[in-house]
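Observations on the three-dimensional arrangement
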Amino acid sequence: SLARVHWVGTSMGGLIGMCIAATPPADADAPPRFASITMNDVGPFVPAHALNRLAEYVGKFVAFDDLAAAEAAFRERFKPFHPVVRCRSSACAEPP
């Protein structure tokens, strides 16, 4: 469970932030998810197919057995957009 967070999103990150902010929490008495939200480079028009794609995974909890499984899922999810460069260090995905 996360405490309230400060969200900064660019482009798709901004769209995901908007989707999360607009989705009501499971507990109606829960505080807002974001302490603040900052977005940039988010277009004024988002095509329906892009919103439908976001709806496939935004707000859905997914657990992975290990970092390799998470990386494989990430690569598959974003393959249509551009090649995902393999992280050469586990430091890319693990908290400090």
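In case you missed it, the structure is sitting above this.
What comes next is a walk through the structure. (Residues numbered from 1 in each chain as written. Predicted model: local features only at pLDDT ≥ 70, side-chain atom pairs only at ≥ 80, totals over all residues. Heavy atoms only, no water.)

Right, let's get into helix α3 (residues 67-78). The terminal C-alpha atoms of α3, which comprises 12 residues, lie 17 Å apart, in line with the 16 Å expected from a rise of 1.5 Å per residue. For α3, the N-terminal cap is aspartate 66; the gap from its side-chain oxygen to the backbone nitrogen of alanine 68 is 3.2 Å. (Helix = DSSP H or I, 4+ residues; strand = E, 2+ residues; numbered from the N terminus. Expected span 1.5 Å × (residues − 1). Polar contact = N/O pair within 3.5 Å; in protein donor to acceptor, adjacent residues only side chain to side chain.)

So, about the nonpolar core. Among the nonpolar cores identified, the biggest contains 8 residues, and these are Leu15, Ile16, Ile20, Phe34, Leu54, Tyr57, Val58 and Phe78. No other element matches the 3 residues that helix α1 (residues 12-22) contributes to this core. Leave out the neighbours within four places in its chain, and tyrosine 57 touches Met12, Ile16, Arg77 and Phe78. (Core = buried A, V, L, I, M, F, W, Y, C linked by side-chain atoms within 4.5 Å. Buried < 20%, exposed > 50% of the residue type's maximum accessible area, 1.4 Å probe, protein only. Contact = heavy atoms within 4.5 Å.)

What follows deals with the packing of aromatic side chains. Applying the stated rule across the entire model yields 1 aromatic pair. Relative to phenylalanine 34, the ring of tryptophan 7 has its centre 5.3 Å away and its plane inclined at 45°; by these criteria the two rings are tilted. Placement of tryptophan 7 in strand β1 (residues 5-10) and of phenylalanine 34 in strand β2 (residues 34-40) is noted, with a sequence separation of 27 residues between them. With relative accessibility at 24%, the residue tryptophan 7 sits in the partly exposed group. (Phe/Tyr/Trp six-rings, centres within 6.5 Å; stacked < 30°, edge-to-face > 60°.)

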